[in-house]
Amino acid sequence: MITVNQTHNPDLKSWVNSANLDGCDFPIQNLPFAVFRQKDTNEPFRGGVAIGDQIIDLQTLYDTGLFTGKAAQALNKCCQPVLNEFMAMGFEYWSALRHSLSDALTETSEDQKVLQNCLIAMTSVEYDVPARIGDYTDFYTSIHHATTVGKLFRPDNPLLPNYKWVPIGYHGRSSSIGISGQKVHRPLGQTKAPDAEVPTLGPCKRLDYELEVGIYIGSGNESGSSVALDDYQQHVFGLCLFNDWSARDLQAWEYQPLGPFLAKSFASTVSPWIVTMEALAPYQGQWTRPNSDPQPLPYLESSQNRTTGSVDMELEAYIATAKMREENQPYQKLSRSNFKDSYWTVAQMVAHHTINGCNLKPGDFFGSGTQSGPTPEEAGSLLELSNGGKEPITLDNGETRTFLKDGDAILFKGYCQKQGSDIRIGFGEVTGYVVPASS
Ligand code: CA
């Protein structure tokens, strides 16, 4: 189990001054990973670590020869355009690099001069999807989302009987996962109005976002083996923000009996930054299950999962319509929720995914499912916020929305922060733009 150590010390400050400012997403306690290059160039993408408003170019750092041992070996793998090989190395190597970076960035470090030459301002870079995602599984771990959506799709039977026993998921499409800033074409598809005799083909009319946490698998498991619940931190590299764009009208017509297909496969967007599980250790806490609910089967149950299975990660969804952006209005918040309210933990997702012997591979990706909280205001999708499209939301500028219109931008933010603490382990942002259907 990952323990809290000197890299988490809230008193640590960096010689990169912007990292010490209140409200900064990327203090020295965070050190998340991305792949980046200078904007508008053909440079190869390579690994970077965020510190304040700067990025440490891991290729340049590797070339200095400053780090040794496992940290240097890890750094070598971070020089590639995707982080799969670094992810495959496992926790010991991820942690060795984190500890060396923490030491080198501390305000008293003698390595400041060397590191200073490895910094690039975040404002001058662009990002790519940080891993070659082989397989992508989307879970459905918020019981609040599942119940509300279930009521809309099946008023008499909202929560199916397997929900409280199985971390429900389906196999998603990885080719259409894009990086923050992604332009999302309104998908075409079949829809059928309840009173229509036959379906028709046309642009989706009920385009939605889903506020999710993304989970990157680091080291995998052999086919035929499974990952024990308490071993998940050896296999999970880190978390990010994830928008699982959804076409609700396509979904309603196609989803039975095998689940979502074209309603989900046209686009999903990840944030550039992956916050490692080690950085999140101080924010993991109790996971509970109401006594009146079925308790998990033994392979999904442990005292470690009960005491540290949840992640106290605040999630926020914002919108900026085309009109708002033209008039330089800021993004408007639609909702907030917290990943700690999830019905299933990351450990349970990994243990369940592999219990049948399914092999996970480095760079595989899970979506947590839409994270909606216990109150209606904590809904992680427009489907829920507009009560199935029946109650439009009025924005501050007077515009209304049930579902997304062309030109809308959706932004998610996320962070972990203890009450009374200045330290914020931020996830940065993920944005995406709705553009008209392409034909
Ligand atoms: Ca989803």
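Coordinates for the structure precede this section.
Residues numbered from 1 in each chain as written. Predicted model: local features only at pLDDT ≥ 70, side-chain atom pairs only at ≥ 80, totals over all residues. Heavy atoms only, no water.

### Re the overall build of the protein
Along its length, the protein carries 12 helices and 26 strands. Against the globule reference of 22 Å for 439 residues, the protein gives a C-alpha radius of gyration of 22 Å, in line with a compact fold. The buried share among the 439 residues of the protein stands at 56%. Here the protein displays about 18300 Å² of accessible surface, and carbon together with sulfur accounts for 50% of that area. Here the protein contributes 34 positively and 50 negatively charged side chains, and the mean placements of these two sets differ by 4 Å. (Helix = DSSP H or I, 4+ residues; strand = E, 2+ residues; numbered from the N terminus. Rg over C-alpha atoms; globule rule 2.2 N^0.38 Å. Buried < 20%, exposed > 50% of the residue type's maximum accessible area, 1.4 Å probe, protein only. Areas by Shrake-Rupley, 256 points an atom, 1.4 Å probe, with all protein chains shown as cover. Lys, Arg positive; Asp, Glu negative; His and termini not counted. Charge placed at Lys NZ, Arg CZ, Asp CG, Glu CD.)

### A look at the coordination of the calcium ion
Reference values for angles at a metal are 109.5 degrees in the four-donor tetrahedral case and 90 or 180 degrees in the six-donor octahedral case. With distances of 2.2 to 2.3 Å, the protein atoms coordinating the calcium ion are Asp-138 (OD), Glu-210 (OE), Glu-212 (OE) and Asp-244 (OD). Mapped onto the polypeptide sequence, the residues donating to the calcium ion form the spacing pattern D-x71-E-x1-E-x31-D. Taken together, the residues Glu-210 in the loop between strand E12 (207-208) and strand E13 (211-217) and Asp-244 in the loop between strand E14 (236-243) and strand E15 (246-247) connect sequence positions 34 residues apart. Asp-244 carries the same exposure label as Glu-210, and that label is buried. (Donors = N, O, S within 2.8 Å, 3.2 Å for Na, K, Ca; no water.)

### What about helix H6 (residues 143-153)?
Turning to H6, its buried residues are Ile-143, His-145, Ala-146, Val-149 and Gly-150. Angular distribution of buried residues about the axis of H6 spans 150°; they occupy a single face of the element. Elements in contact with the buried residues of H6: helix H12 (382-385). (Arc of directions from axis to C-beta. Contact = heavy atoms within 4.5 Å.)

### Describing the packing of helix H2 (residues 69-77) against helix H4 (residues 91-105)
The angle between the axes and the distance between the axes are what describe a pair of packed helices. The geometry of H2 relative to H4 is characterised by a closest axis approach of 8 Å and an angle of 100° between their N-to-C directions. In this view, H2 runs roughly perpendicular relative to H4, as classed from their interaxial angle. Residues Lys-70, Ala-71, Gln-73, Ala-74 and Leu-75 of H2 pack against Glu-92, Tyr-93, Ala-96, Leu-97 and Ser-100 of H4. Across the contact of H2 with H4, the residue classes break down as 6 nonpolar, 2 polar and 2 charged. (Axes fitted to C-alpha atoms, helices over the stretch in contact; angles between N-to-C directions. Parallel < 35°, antiparallel > 145°, perpendicular 65-115°, else oblique. Nonpolar A, V, L, I, M, F, W, Y, C, P; charged D, E, K, R; others polar.)

### Regarding empty space enclosed by the protein
Counting across every chain of the model gives 2 cavities of 30 Å³ or more. The volume enclosed by the largest cavity comes to roughly 60 Å³. Lining the largest cavity are Ile-2, Phe-33, Phe-91, Trp-94, Ser-95, Arg-98, Gln-233, Val-236, Phe-237, Thr-276, Met-277 and Glu-278. Those elements that place two or more of their residues in the lining of the largest cavity are H4, E14 and helix H8 (277-280). Looking at the lining of the largest cavity element by element, the count peaks at 4 residues for H4. Here the residues of the lining of the largest cavity are counted per class, giving 7 nonpolar, 3 polar and 2 charged. Taken as a whole, the second largest cavity holds about 40 Å³ of empty space. Lining the second largest cavity, in full, are Trp-287, Gly-309, Ser-310, Val-311, Phe-339, Lys-340, Ser-342, Trp-344, Thr-345 and Val-346. (1 Å grid on protein atoms, 1.4 Å probe; cavity = no way out; pocket = protein on both sides within 12 Å on 5 of 7 lines; lining within 4 Å. Points joined across faces, edges and corners; volume = space filled by probe spheres on them.)

### Considerations on the environment of Pro-296
Position of Pro-296 relative to the elements: it lies in the loop between strand E18 (284-285) and helix H9 (303-308). It is 8.6 Å that separates the C-alpha atoms of Pro-296 and Val-166, two residues lying 130 residues apart in sequence. When neighbours within four sequence positions are excluded, Pro-296 is seen to be in contact with Trp-287, Arg-289, Glu-301, Arg-306 and Gln-348.

### Considerations on the pattern of salt bridges
Scanning the entire structure with this criterion turns up 18 salt bridges. Linking Asp-406 and Arg-186 is a salt bridge whose minimum nitrogen-to-oxygen distance equals 2.7 Å. Of the two residues, Asp-406 sits in the loop between strand E24 (400-401) and strand E25 (409-417) while Arg-186 sits in the loop between strand E9 (182-185) and strand E10 (188-191), which places them 220 residues apart along the sequence. Classification of Asp-406 as partly exposed rests on a relative accessible area of 35%. Judged by relative accessible area, which is 10%, Arg-186 ranks as buried. Between Arg-401 and Asp-408 there is a salt bridge, and its shortest N-O distance comes to 2.8 Å. The exposure class of Arg-401 is buried, given its relative accessible area of 6%. Judged by relative accessible area, which is 0%, Asp-408 ranks as buried. (Salt bridge = Lys/Arg side-chain N within 4 Å of Asp/Glu carboxyl O.)

### So, the packing of aromatic side chains
Applying the stated criterion across every chain, the model contains 17 aromatic pairs. Ring geometry for Phe-26 and Trp-273: centres 5.6 Å apart, planes at 50°, overall tilted. Of the two residues, Phe-26 sits in the segment before strand E1 (33-38) while Trp-273 sits in the loop between strand E16 (268-270) and strand E17 (275-276), which places them 247 residues apart along the sequence. Judged by its relative accessible area of 6%, Phe-26 is buried. An angle of 85° between the planes, with centres 5.4 Å apart, marks the rings of Phe-153 and Tyr-255 as edge-to-face. Of this pair, Phe-153 sits in helix H6 while Tyr-255 sits in the loop between helix H7 (248-254) and E16; the two residues are 102 residues apart in sequence, bridging distant segments of the chain. One aromatic cluster in this structure is built from Phe-33, Phe-86, Phe-91, Trp-94 and Phe-237. It is Arg-289 that lies over the ring of Trp-344; its NZ or CZ is 4.5 Å from the centre. (Phe/Tyr/Trp six-rings, centres within 6.5 Å; stacked < 30°, edge-to-face > 60°. Lys NZ or Arg CZ within 6 Å of the ring centre and 35° of its normal.)

### Examining the layout of surface pockets
By volume, the largest pocket is sized at about 640 Å³. The set of elements that each furnish at least two residues to the lining of the largest pocket consists of strand E6 (136-139), H6, strand E7 (169-172) and H7. Tallying contributions element by element places H6 first for the lining of the largest pocket, with 5 residues. Counted by class, the lining of the largest pocket contains 15 nonpolar, 9 polar and 6 charged residues. The wall of the second largest pocket is formed by 16 residues, among which Lys-192, Pro-194, Arg-206, Asp-249 and Ala-252 lie closest to the centre. Mapped by element, the contributors of at least two residues to the lining of the second largest pocket are H6 and H7. Element by element, the count of residues in the lining of the second largest pocket is highest for H7, at 4 residues. Across the lining of the second largest pocket, the residue classes tally to 8 nonpolar, 2 polar and 6 charged.

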